[in-house]
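The residues making up each chain are set out below.
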Amino acid sequence: MTRPTGARTIGAAMLAAALFAGTPGLAAQPAASRAATAAPRGNLWRLASGGDEKALLDLINSGVIADQGLDPRVRDSLELFKTNHAKRESDRAEKIAEASSELDDQLAAYDAERAPVALSDALGKAARLQMLTRDTDAFFADPRIARLVREAERVAAECERAGDWLMASELFFRLDTLHDPADTYRDAVQRLGTRLSMIRLYTPERLWELRNQRRLAEGLDPLPPYNPYGDDFRAKLAGIDSTMIRTAIQRSAQQHVGRTTRSNPSGVTMNSLILGGLDAVRTLASTTDLSRAFPGIGDAGKREAFLARLDERRAEVAGWSREASAYDLRRVVDGVLADAQDTIGVMPGAILHEFGNGAMGELDPYSAFIWPDELARFRRSTEGEFIGVGVQIQLDELQNITVVTPLEGTPAQRAGIRSGDIIKKINGITAVGLGLDQAVEVITGPANTPVNLTIERKDEDDNVIELSFDLIRQRIDLPTVKGWSKTGPGDDDWNWFIDPDNGIGYIRLTGFTDDSSREFDRAVAAMRKRGLNGLILDLRYNPGGLLDQAVEIASRFVPEGLIVKTVDAVGVPQEMQNARRMPGREVLSEMPVVLLINEGSASASEIVAGAVQAAAQQGRTNALIVGQRSFGKGSVQNVYMLPGGSAAMKLTTHYYHVDSPRMIHKLPGATEWGVDPDLSVEMLPSQQEAALLLRRDADVLPLDEKGRVIADAPRPDPETLLTEGIDLQVQTALVLLQTQNQLAKGLSLQTD
């Protein structure tokens with residue numbers, strides 16, 4: 001196994017020395033006494049900062065710590081920690097054997113059927129095996145994998161040529177997953193993703209047919225019939241005009257972090273953006289599946305005439321030796337619109353929509369239009385609120401839209417909607433066959449407007465009854481700070497302690513919205529009243545959010561100095577943000593803290609983790625980062641409203657750096673990115689899945705119409721994450737803080 005950079009190993013000869021490190025007053029003791037005295041401070045904590053999980057386990061397995069008069073509960077915790085790590089490795093071996101056997105079976109099924117779906121399933125089994133295997137080189141040297149990759153490449157290309165976009169996309173995506181971060185198949189994934197996105201927007205029933213065919217080919221039950229409710233592309237394109245598109249493209253050419261400069265002569269230009277727009281419109285016109293929405297695309301003569309004109313315009317732009325101007329952009333856009341009307345008859349909004357997407361696709365994955373139908377969702381994600389009725393919904397195994405829980409104090413909860421209710425109609429129109437996004441779009445809407453939900457529920461005699469609820473949409477707050485276990489229906493009704501006896505708190509931060517720092521401070525204040533001695537801050541699966549809130553949260557742990565700086569494409573600093581200190585704000589730099597991160601921690605959560613890690617390495621705070629390397633989204637997007645006010649754009653203008661020479665952002669071809677934990681702790685895919693599902697279900701308190709908890713409703717206990725060894729990352733953080741707390745209590749721990 002390749003160890004993380006900076007990791008170190010400790011053999012038996014070094015073990016005792018590691019135990020003594022950091023023990024107060026140790027140097028003044030006689031040698032014989034020093035050899036018999038140890039404290040868990042400095043050993044577990046410092047070994048964790050070295051990044052070596054094996055060294056940590058070696059120390060615990062030696063029995064030296066457990067023999068030192070530890071609190072029995074801490075000793076039990078260490079024993080459980082050892083047991084669960086051993087269980088992980090036995091589970092790994094078992095699951096590797098299982099995945100290898102399943103791969104053999106799936107390859108045999110493909111050999112017998114020669115069906116693309118069997119090949120895709122084989123890639124899925126291979127991906128599972130790869131996630132379990134520690135030796136990547138050995139994995140790719142396996143003849144089965146080499147053969148599978150070659151065959152999948154061939155079949156994916158055949159599917160694309162045959163117009164089976166969904167299967168081609170699935171195969172290339174799974175190939176890309178196996179080869180990440182090489183990006184061998186990135187272009188194919190993007191190309192097919194673009195085509196499928198167009199089908200999803202303009203002819204969603206066709207996408208339903210492709211998905212249904214895929215399910216039937218795998219022997220699964222068919223999807224419910226397609227439901228077009230809320231799926232009209234004309235409504236989604238309303239308000240898009242040429243000025244909006246041209247403004248966004250001009251701004252991108254002038255301000256994008258990758259624009260052409262003296263130090264970056266091969267960067268983004270107006271020319272490349274125009275070419276990207278033309279290529280996307282070509283994809284639109286050549287996707288014959290869209291003929292249901294635009295009949296002209298299905299007419300071969302009209303289609304070829306339009307494509308010929310597009311190719312002429314593209315050749316002209318590609319031949320320019322000068323940088324295109326705003327006038328050139330307008331001339332090209334107007335010309336394409338006129339050509340479309342003369343030939344295939346595609347509406348201007350659709351041409352502009354795809355031209356704009358194609359142009360922005362030349363930039364980076366995070367620069368994009370926020371189209372009129374997306375603007376409300378975008379605001380919800382950053383403001384931590386939305387306008388709706390207050391229900392969390394999901395699709396059950398029968399594809400029914402099911403209420404996970406009504407939120408406390410919302411219109412749905414006050415009206416009497418309950419967990420487990422099935423939404424059958426919305427405003428009298430069937431909800432059967434709706435996707436979750438469709439359902440959200442039609443249930444939400446402007447504040448103080450009505451919506452009717454027809455609910456199916458079983459009564460006390462297990463009879464199915466139908467109920468109708470007239471609701472008024474209201475602002476719904478979405479808290480981002482959560483605790484260890486839910487104790488009541490309110491946003492602040494949490495048990496914040498994972499170990500109340502040792503005063504170890506736990507906060508999960510699910511995003512960074514306007515209220516995140518205030519919610520965080522309220523949680524910490526509540527813990528302080530009960531004796532907070534250490535904190536786990538869980539940033540796993542946190543996708544980010546507002547930069548100012550990331551700085552605020554990081555400032556709770558970093559007493560002074562740099563939190564984050566923005567730099568241009570060549571690393572020249574543009575803006576520095578230092579730790580913020582104001583009266584009344586919580587300060588946690590004086591107590592031990594463990595931050596948990598994983599590959600789902602991105603953007604603002606990486607700023608917090610990176611800033612705290614840098615401060616800890618400089619001795620300015622007492623913190624460790626535990627988990628897995630973060631996602632690697634270290635770029636800054638500015639949001640600009642576009643003319644007309646119905647759409648906006650996100651544009652990457654800078655990268656951000658914490659107080660470290662390493663760039664967080666994952667650039668194409670990079671081998672290093674993100675925040676590496678001080679201590680890397682692996683969780684098997686099955687553990688990750690089980691932890692996510694248990695946490696989701698444990699956070700839901702079923703409520704009745706009066707906002708009271710339904711006491712007899714089944715709900716998992718978060719403690720199972722520890723007792724069953726499901727969440728080893730949380731358990732590692734807990735053990736580190738428990739041993740730190742032993743020293744804080746002034747224990748003198750003796751060995752024989």
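The shown structure was predicted, so the numbers you read here are calculated from the model rather than taken from an experiment. (Residues numbered from 1 in each chain as written. Predicted model: local features only at pLDDT ≥ 70, side-chain atom pairs only at ≥ 80, totals over all residues. Heavy atoms only, no water.)

### Quick look at the overall build of the protein
- Counting its regular elements, the protein contains 27 helices and 22 strands.
- By the compact-globule yardstick of 27 Å for 752 residues, the protein fits well, its C-alpha radius of gyration being 28 Å.
- Relative to its 752 residues, the protein shows a buried fraction of 52%.
- Considering only contacts in the protein between residues 6 or more positions apart, those separated by 24 or more positions represent 70%.
- As displayed, the protein offers around 32,500 Å² of accessible surface, 51% of which is attributable to carbon and sulfur atoms.
- Seen as two clouds, the 84 positive and the 105 negative side-chain charges of the protein have centres 3 Å apart. (Helix = DSSP H or I, 4+ residues; strand = E, 2+ residues; numbered from the N terminus. Rg over C-alpha atoms; globule rule 2.2 N^0.38 Å. Buried < 20%, exposed > 50% of the residue type's maximum accessible area, 1.4 Å probe, protein only. Contact = heavy atoms within 4.5 Å. Areas by Shrake-Rupley, 256 points an atom, 1.4 Å probe, with all protein chains shown as cover. Lys, Arg positive; Asp, Glu negative; His and termini not counted. Charge placed at Lys NZ, Arg CZ, Asp CG, Glu CD.)

### Description of empty space enclosed by the protein
- Counted by the stated rule, this structure contains 1 cavity of 30 Å³ or more.
- Considering only enclosed or pocket space, the largest cavity measures out at about 40 Å³ in volume.
- Among the elements that take part in the lining of the largest cavity, strand β5 (residues 422–426) stands out by supplying 3 residues, more than any other.
- Residues belonging to the lining of the largest cavity are distributed by class as follows: 5 nonpolar, 3 polar and 1 charged. (1 Å grid on protein atoms, 1.4 Å probe; cavity = no way out; pocket = protein on both sides within 12 Å on 5 of 7 lines; lining within 4 Å. Points joined across faces, edges and corners; volume = space filled by probe spheres on them. Nonpolar A, V, L, I, M, F, W, Y, C, P; charged D, E, K, R; others polar.)

### Let's talk about the pattern of salt bridges
- Across all of its chains, the model carries 57 salt bridges by this definition.
- In this structure, the salt-bridge partner of D111 is R114, at a minimum N-O distance of 3.5 Å.
- Taking relative accessible area as the criterion, R114 reaches 44% and is therefore assigned partly exposed.
- Each of E53, R88, E89, R92, R134 and E682 takes part in a single network of salt bridges with overlapping partners. (Salt bridge = Lys/Arg side-chain N within 4 Å of Asp/Glu carboxyl O.)

### Quick look at unusual backbone geometry
- In this model, N448 sits at a positive phi of 70°, which is unusual for a non-glycine residue.
- Structurally, the position occupied by N448 is in the loop between α21 (436–443) and β7 (450–458).
- A positive phi angle, near 60°, is found at S603, a position not held by glycine.

### Digging into the pairing of β5
- Counted residue by residue, β5 has 4 buried out of 5 residues, so it is predominantly covered.
- Where strand β4 (residues 401–406) and β5 come together, 2 bridges link them in antiparallel fashion. Its bridge partner being in β5, T402 is matched across the sheet by I422.
- Bridge analysis of β5 against strand β6 (residues 429–430) gives 2 bridges, and the strand direction is antiparallel. Along β6, the bridge assignment pairs K425 with T430. (Pairing = 2+ DSSP bridges.)

### Structural notes on the side chain of H256
- Relative to the helices and strands, H256 is located in the loop between α13 (242–255) and α14 (270–286).
- Judged by its relative accessible area of 4%, H256 is buried.
- At a separation of 2.8 Å, a polar atom in the side chain of H256 contacts the main-chain amide nitrogen of G258.
- If near-sequence neighbours (up to four positions away) are discounted, H256 is found in contact with R251, V268, L363, D364, S367, L651 and T652. (Polar contact = N/O pair within 3.5 Å; in protein donor to acceptor, adjacent residues only side chain to side chain.)

### Some remarks on the nonpolar core
- The biggest cluster of nonpolar side chains holds 91 residues, and the ones touching the most others in it are Y202, I274, F294 and F355.
- When residues in this core are grouped by element, the largest group, 9 residues, is from helix α6 (residues 116–132).
- Here I274 is in contact with V317, A324, L329, V332 and F355, once residues within four sequence places are set aside.
- In terms of nonpolar packing, the next biggest core, distinct from the first, is built from 43 residues, F512, V524, F557 and I597 among them. (Core = buried A, V, L, I, M, F, W, Y, C linked by side-chain atoms within 4.5 Å.)

### Re α6
- Look at α6: 25 Å from first C-alpha to last across 17 residues, which is about the 24 Å you get at 1.5 Å a residue.
- With respect to burial, α6 is a largely interior element, 12 of its 17 residues being buried.
- Every buried residue of α6 is accounted for by V117, A118, L119, S120, D121, A122, L123, A126, A127, L129, Q130 and L132.
- Among the structural elements, α5 (72–113), α7 (136–141), α8 (143–161), α9 (165–179), α11 (204–217) and α25 (685–698) are those in contact with the buried residues of α6. (Expected span 1.5 Å × (residues − 1).)

### Some words on the confidence of the model for the protein
- Summary statistics for the protein give a mean pLDDT of 87 and a share of 90% for residues scoring 70 or more.
- In this model, residues 1–42 is a region of pLDDT below 50 whose contacts with residues beyond four sequence positions or in other chains number 71 contacts.
- Within the model, pLDDT remains below 50 along residues 747–752, and this stretch shows 18 contacts once partners closer than five positions in the same chain are excluded. (pLDDT = per-residue confidence, 0-100.)

### Things to note about the packing of aromatic side chains
- Following the criterion strictly, the structure yields 9 aromatic pairs and no others.
- Taking 5.1 Å as the distance between ring centres and 80° as the angle between the ring planes, the aromatic pair formed by W484 and Y506 counts as edge-to-face. Here Y506 lies in strand β14 (residues 504–509) and W484 lies in the loop between β10 (481–482) and β11 (485–486), a separation of 22 residues in the sequence. For the pair shown, W484 and Y506 are each scored as buried.
- A connected cluster of aromatic rings, assembled from ring pairs, spans Y202, F233 and F294.
- For the cation-ring pair, R322 lies above W320, with the distance from its terminal atom to the ring centre recorded as 4.6 Å.
- Across the ring face of W484, the terminal group of R695 is positioned such that the distance to the ring centre comes to 5.1 Å. (Phe/Tyr/Trp six-rings, centres within 6.5 Å; stacked < 30°, edge-to-face > 60°. Lys NZ or Arg CZ within 6 Å of the ring centre and 35° of its normal.)

### Comments concerning α21
- Where α21 is concerned, the buried positions are Q438, A439, V442 and I443. Seen end-on, α21 carries its buried residues on one side only, within an arc spanning 120°.
- Elements that come into contact with the buried residues of α21 comprise α10 (186–202), β3 (391–395), β4, β5 and β7. (Arc of directions from axis to C-beta.)

### As for the packing of helix α16 (residues 300–318) against helix α17 (residues 326–342)
- Between α16 and α17, the least distance of the axes is 9 Å, while the angle of their chain directions is 165°. In terms of orientation, α16 and α17 fall into the roughly antiparallel class. Pair α16 / α17 crosses with right-handed handedness. Seen from α16, the contacting residues are F306, R309, L310, R313, E316 and V317; seen from α17, they are R331, V332, G335, V336, D339, A340 and D342.
- Residues of the contact of α16 with α17, tallied by class, amount to 6 nonpolar, 1 polar and 6 charged. (Axes fitted to C-alpha atoms, helices over the stretch in contact; angles between N-to-C directions. Parallel < 35°, antiparallel > 145°, perpendicular 65-115°, else oblique. Left-handed = near helix turned anticlockwise from the far one by under 90°.)

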